[in-house]
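So the chains spell out like this:
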Amino acid sequence: MASIADYYAGKSVLITGATGFMGKVLVEKLLRSCPHVRALYLLVRPKAGQSMQERVSDMMKCKLFDRVREDNPDFHQKIVPISSELIQPGLAIGPEDKETLTSCINIIFHCAATIRFDEPLKHALQLNVMATQQLISLAQQMPHLQAFIHISTAYANCNRRHIDDIIYPPPVEPKKLIDSLEWMEDSIVRDITPRLIGDHPNTYTYTKALAECVVQKESSKLSIAIIRPSIVGASWQEPFPGWIDNFNGPSGVFIAAGKGILRTMRANNDAVADLIPVDVVINLTLAAGWYTAVHRSTRPKAALVYNCTTGGINPFHWGEIEHHVMSSFKRNPLEQAFRRPNANITSNYLMNQYWILVSHRFPALLYDLYLRLSGQKPQMMRIFNRLHKAIGLLEYFSSQDWEWNSENMNMLMSHLSPEDRKTFNFDVRQLNWPEYIENYCIGTKKYVLNEDMSDIPAARQHLRKLRNIRYTFNTLLLVFIWRVFIARSQMARNIWYFVVSLCFKFLSYFRASSTLTN
Ligand SMILES: CCCCCCCCCCCCCCCCCC(=O)SCCNC(=O)CCNC(=O)[C@H](O)C(C)(C)COP(=O)(O)OP(=O)(O)OC[C@H]1O[C@@H](n2cnc3c(N)ncnc32)[C@H](O)[C@@H]1OP(=O)(O)O
Ligand SMILES: NC(=O)C1=CN([C@@H]2O[C@H](COP(=O)(O)OP(=O)(O)OC[C@H]3O[C@@H](n4cnc5c(N)ncnc54)[C@H](OP(=O)(O)O)[C@@H]3O)[C@@H](O)[C@H]2O)C=CC1
């Protein structure tokens, strides 16, 4: 059997969502590890005043592509941007482009989606479900297509505790839902969304479940595989450790904690934190593309599902994540932290509310007061409100755990040659979590916040200043409490003397007993 790189040699690949977090890593890895791939056709839309060509050339200038640039400075010649808006009829692909695509594409990787948890249902349905349906229709017109790889999420079935490598019946027939929402006003759809999504936490997981069903329906006509990654985090090894470029999922939480803004969050210390590095997901995706294509004539015509998770193989827990994130940001602090990093997770609702009041709202109020008094615009309360909204949406995933079957991931690994296992490594048993988390935190500093590592001594100095402010504040608070409450009341003074003498007696007792034992 051909190796993975040999298989992709001379192939034309179509990628949606190439400008996104995972899409970029996929493009980079294909160009670097499969240098003889014929062409990568990227479906990209113009955005924020930039044409699709400008967006793609900006993307290729990004640091992520440094290694490919070194190996092959002309790598951009393999990239063919195609203008496409996935929520438009026919994906808004021009007739000539359509002709080109249908005549030459061999493999499709469908990564595009809206991953926002608060996306209005109609829009999530249009992009995550209807666009998938349209892409499949286009794929069916491609005579040379050998594999269609759909990126789903491990949480598409998060209303179940145990999730196998299979496609579950959808919560509703997608076509029926699309037809009935079509005529409804947006406000009506908004009102009935909670009833429709039922036990799904948001429109994202709900529409991703429906998309799987759409894909399954077509699996008899195409060679399809579905990849279900869990919580995709920074890269583990490739193209370099710690690469990340967004605030999604845990990254925003880590940054907020590193900046000393986030002090508390609802999460279960003992629940498995099913993070998966982005390079692992991409390696598995490329391997699945190869396997699906190579076995297209011998395999039974049903989509193979790959749960791409770490929990069952190399588990790590939210409590451990908290510990390693905090210690990493203490060693490598972020610039201009609001307070010293010290976040605690708790599964107790009341405790969490208490800490939100004391450690979020109260300092924000004080700081905004200071900003107002110094003639500046208050901003801390606004930041905390946005943070609370974001973490409120994430808590569902950090407060419970799931069990995924990873049989197909293991099966795929067993089919790789020793060389491919190294080049397209997705063996998460080798993942050293503390090291990974350290690189992840440094990655958020370097690549998301664009902070310079040479500024770390100044950032440490700033943390020392914050510690001194805290000590001074606590001392003043103690003196204030003493003056106002204790020094003025005889009863409070008596209680105070009683507590102090009790402590003194205990101390004397322990000293005496330790002298006796010696
Ligand atoms: C210390 C130790 C702690 C340990 C415990 C950690 C626990 C972490 C738990 C993570 C669980 C993740 C579960 C993901 C599971 C599904 C995975 C997937 O399939 S799919 C992948 C998963 N999909 C997702 O993760 C999507 C989740 N995100 C969303 O749905 C939306 O961004 C939004 C609703 C949160 C805000 O919308 P909206 O208000 O319209 O505005 P914008 O979007 O423009 O952002 C506004 C501000 O919010 C900020 N910010 C953003 N994200 C986070 C964050 N995670 N956090 C914090 N902050 C965040 C953002 O920086 C910005 O600030 P600024 O620059 O303006 O100052
Ligand atoms: N990140 C994660 O933790 C996880 C992600 N996944 C899945 O992986 C896939 C990729 O996710 P990720 O890279 O993180 O997501 P991003 O949000 O980073 O990227 C989404 C991509 O989809 C494109 N896109 C969105 N809307 C349209 C549209 N209307 N027309 C054309 N293109 C569009 C975006 O293009 P543009 O730049 O123009 O907006 C972007 O390239 C998704 O299918 C997601 O469900 C699964 C599990 C976890």
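Bear in mind the structure is a predicted one, so any value in this text is a computation, not a measurement.

Q: How would you explain the overall build of the protein chain if you had to name every residue and give the values?
A: What the protein chain contains, in helices and strands, is 19 helices and 13 strands. Projected onto its principal axes, the C-alpha coordinates of the protein chain cover approximately 90 × 55 × 50 Å. Nonlocal contacts in the protein chain, meaning residues at least 24 apart in sequence, comprise 83% of its contacts between residues at least 6 apart. Just so you have it, the protein chain exposes about 25,100 Å², and 56% of that area is on carbon and sulfur atoms. Taken as two groups, the 57 positive and 46 negative side-chain charges of the protein chain have centres that lie 10 Å from each other.

Q: Let's hear about the domain arrangement of the protein chain: which residues, and what values?
A: What the domain assignment lists for the protein chain is domain 1 (4-236 + 273-313 + 399-421) and domain 2 (456-517). Just the C-alpha atoms count here: the centres of domain 1 and domain 2 sit 58 Å apart.

Q: Describe the pattern of salt bridges, and please don't skip the residues or the numbers.
A: Side-chain pairing between opposite charges can occur once the charged atoms of the two side chains come close. Scanning the entire structure with this criterion turns up 19 salt bridges. The residue arginine 32 makes a salt bridge to glutamate 238 at a minimum N-O spacing of 3.0 Å. Highlighted residues: arginine 32 in helix α2 (residues 21-33) and glutamate 238 in the loop between β8 (231-233) and α10 (250-258), separated in sequence by 206 residues. Assessed through its relative accessible area of 13%, glutamate 238 is described here as buried. Two residues, aspartate 118 and arginine 116, come together in a salt bridge whose shortest N-O distance is 3.2 Å. By relative accessible area, which is 32% here, aspartate 118 ends up partly exposed. When salt bridges that share partners are traced, they join Glu28, Lys29, Arg32 and Glu238 into one network.

Q: Explain unusual backbone geometry residue by residue, including any values.
A: Following glutamate 238, the chain continues to proline 239 via a peptide bond in cis, the omega torsion being -10°. Within the fold, proline 239 resides in the loop between β8 and α10. Backbone geometry at glutamine 336 places phi at a positive 50°, although glycine is not the residue there. Along the chain, the position of glutamine 336 falls in the loop between α12 (318-331) and β12 (344-346). One non-glycine residue, asparagine 450, lies in the positive phi region at around 55°. Turning to its location among the elements, asparagine 450 is positioned in the loop between α17 (433-448) and α18 (456-486). Of the residues examined, asparagine 450 reaches a relative accessible area of 63% and is grouped as exposed.

Q: Tell me about the UniProt feature "domain: Fatty acyl-CoA reductase C-terminal" (unreviewed entry) in the protein chain, residues and numbers included.
A: The feature "domain: Fatty acyl-CoA reductase C-terminal" (unreviewed entry), as annotated in UniProt, sits at residues 360-451 in this numbering. Across residues 360-451, helical content stands at 70% and strand content at 2%; the span's end C-alpha atoms are separated by 25 Å.

Q: Requested: an account of the site of ligand 1, with residues and values cited.
A: As a matter of local geometry, ligand 1 sits amid 28 residues, with Arg116, Phe117, Thr153, Tyr204 and Gly249 nearest to it. For ligand 1, an oxygen atom lies 2.6 Å from a polar atom in the side chain of arginine 116. The backbone of phenylalanine 117 places a nitrogen or oxygen atom 2.9 Å from an oxygen atom of ligand 1. Taken by itself ligand 1 offers 1,300 Å² of open surface, and the protein chains cover 80% of this. Of all the elements in the fold, those that place two or more residues in the shell around ligand 1 are α10, α12 and α14 (380-398). Here the element with the most residues in the shell around ligand 1 is α14; it accounts for eight residues. Of the residues contributing to the shell around ligand 1, the split by class is 17 nonpolar, six polar and five charged.

Q: Account for the layout of surface pockets, with residues named and values stated.
A: In this structure, the second largest pocket encloses a volume near 1,300 Å³. Surrounding the second largest pocket, 37 residues form its lining, Phe338, Arg339, Pro363, Leu466 and Ile469 being those nearest its centre. Looking at the lining of the second largest pocket, the elements that each hand over two or more residues are β12, α13 (349-373), α14 and α18. Considering every element that reaches the lining of the second largest pocket, the biggest residue donor is α13, with 10 residues. When grouped by side-chain class, the residues that make up the lining of the second largest pocket number 20 nonpolar, nine polar and eight charged.

Q: Describe a nonpolar patch on the surface, listing the residues and the values that go with them.
A: Taken together, the side chains of Phe362, Leu366, Leu369, Leu373, Phe473, Leu477, Phe480, Ile481 and Phe485 present a nonpolar region at the surface, about 900 Å² in accessible area. Only α13 and α18 provide two or more residues apiece to the nonpolar patch. By the secondary structure assignment, leucine 373 is in helix α13. The class for leucine 373 is exposed, based on a relative accessible area of 72%.

Q: How would you explain the packing of aromatic side chains if you had to name every residue and give the values?
A: With the rule as written, the count across this model stands at 22 aromatic pairs. For the ring pair tyrosine 396 and phenylalanine 397, a centre distance of 5.1 Å and an interplane angle of 80° mean the geometry is edge-to-face. Note on tyrosine 396: relative accessible area 23%, which makes it partly exposed. Sitting over the face of the ring of phenylalanine 424, lysine 29 holds its NZ or CZ atom 4.8 Å from the ring centroid. Across the ring face of phenylalanine 240, the terminal group of lysine 63 is positioned such that the distance to the ring centre comes to 5.0 Å.

Q: Tell me about the packing of α12 against α17, and name the residues and values.
A: The contact between α12 and α17 brings their axes to 9 Å, and the two run at 50°. Judged by the inter-axis angle, α12 sits oblique to α17. Considering the relative orientation of α12 and α17, their crossing is right-handed. Residue-level inspection shows Ile321, His324, Val325, Ser328, Phe329 and Arg331 of α12 in contact with α17, the latter providing Pro434, Ile437, Glu438, Cys441 and Thr444. Of the residues that constitute the contact of α12 with α17, the class distribution is six nonpolar, three polar and two charged.

Q: Could you give an account of the pairing of strand β2 (residues 39-44), with specific residues and numbers?
A: Moving residue by residue along a regular strand, the side chains alternate between the two faces of the sheet. Along β2, six of the six residues are buried, which leaves the element largely enclosed by surrounding structure. Residues of β2 alternate between two faces, with Ala39, Tyr41 and Leu43 on one and Leu40, Leu42 and Val44 on the opposite face, all of them buried. The handedness of the strand β1 (residues 12-16) to β2 crossover, carried by α2, is right-handed. Sheet topology note: the β2/strand β3 (residues 79-83) ladder contains five bridges and is parallel. Directly across from leucine 40, in β3, lies its bridge partner isoleucine 79.

Calculation notes
- Residues numbered from 1 in each chain as written.
- Chains lettered and ligands numbered in written order.
- Predicted model: local features only at pLDDT ≥ 70, side-chain atom pairs only at ≥ 80, totals over all residues.
- Heavy atoms only, no water.
- Helix = DSSP H or I, 4+ residues; strand = E, 2+ residues; numbered from the N terminus.
- Contact = heavy atoms within 4.5 Å.
- Areas by Shrake-Rupley, 256 points an atom, 1.4 Å probe, with all protein chains shown as cover.
- Lys, Arg positive; Asp, Glu negative; His and termini not counted.
- Charge placed at Lys NZ, Arg CZ, Asp CG, Glu CD.
- Domains from an automatic or database assignment.
- Salt bridge = Lys/Arg side-chain N within 4 Å of Asp/Glu carboxyl O.
- Buried < 20%, exposed > 50% of the residue type's maximum accessible area, 1.4 Å probe, protein only.
- UniProt positions renumbered as here; feature names shortened; annotations may be inferred.
- Near = heavy atom within 4 Å.
- Polar contact = N/O pair within 3.5 Å; in protein donor to acceptor, adjacent residues only side chain to side chain.
- Nonpolar A, V, L, I, M, F, W, Y, C, P; charged D, E, K, R; others polar.
- 1 Å grid on protein atoms, 1.4 Å probe; cavity = no way out; pocket = protein on both sides within 12 Å on 5 of 7 lines; lining within 4 Å.
- Points joined across faces, edges and corners; volume = space filled by probe spheres on them.
- Patch = residues over 30% accessible without salt bridge, like charges linked within 9 Å, V, L, I, M, F, W, Y side chains within 5 Å.
- Phe/Tyr/Trp six-rings, centres within 6.5 Å; stacked < 30°, edge-to-face > 60°.
- Lys NZ or Arg CZ within 6 Å of the ring centre and 35° of its normal.
- Axes fitted to C-alpha atoms, helices over the stretch in contact; angles between N-to-C directions.
- Parallel < 35°, antiparallel > 145°, perpendicular 65-115°, else oblique.
- Left-handed = near helix turned anticlockwise from the far one by under 90°.
- Right-handed = clockwise from strand over helix to strand, strands pointing away.
- Pairing = 2+ DSSP bridges.

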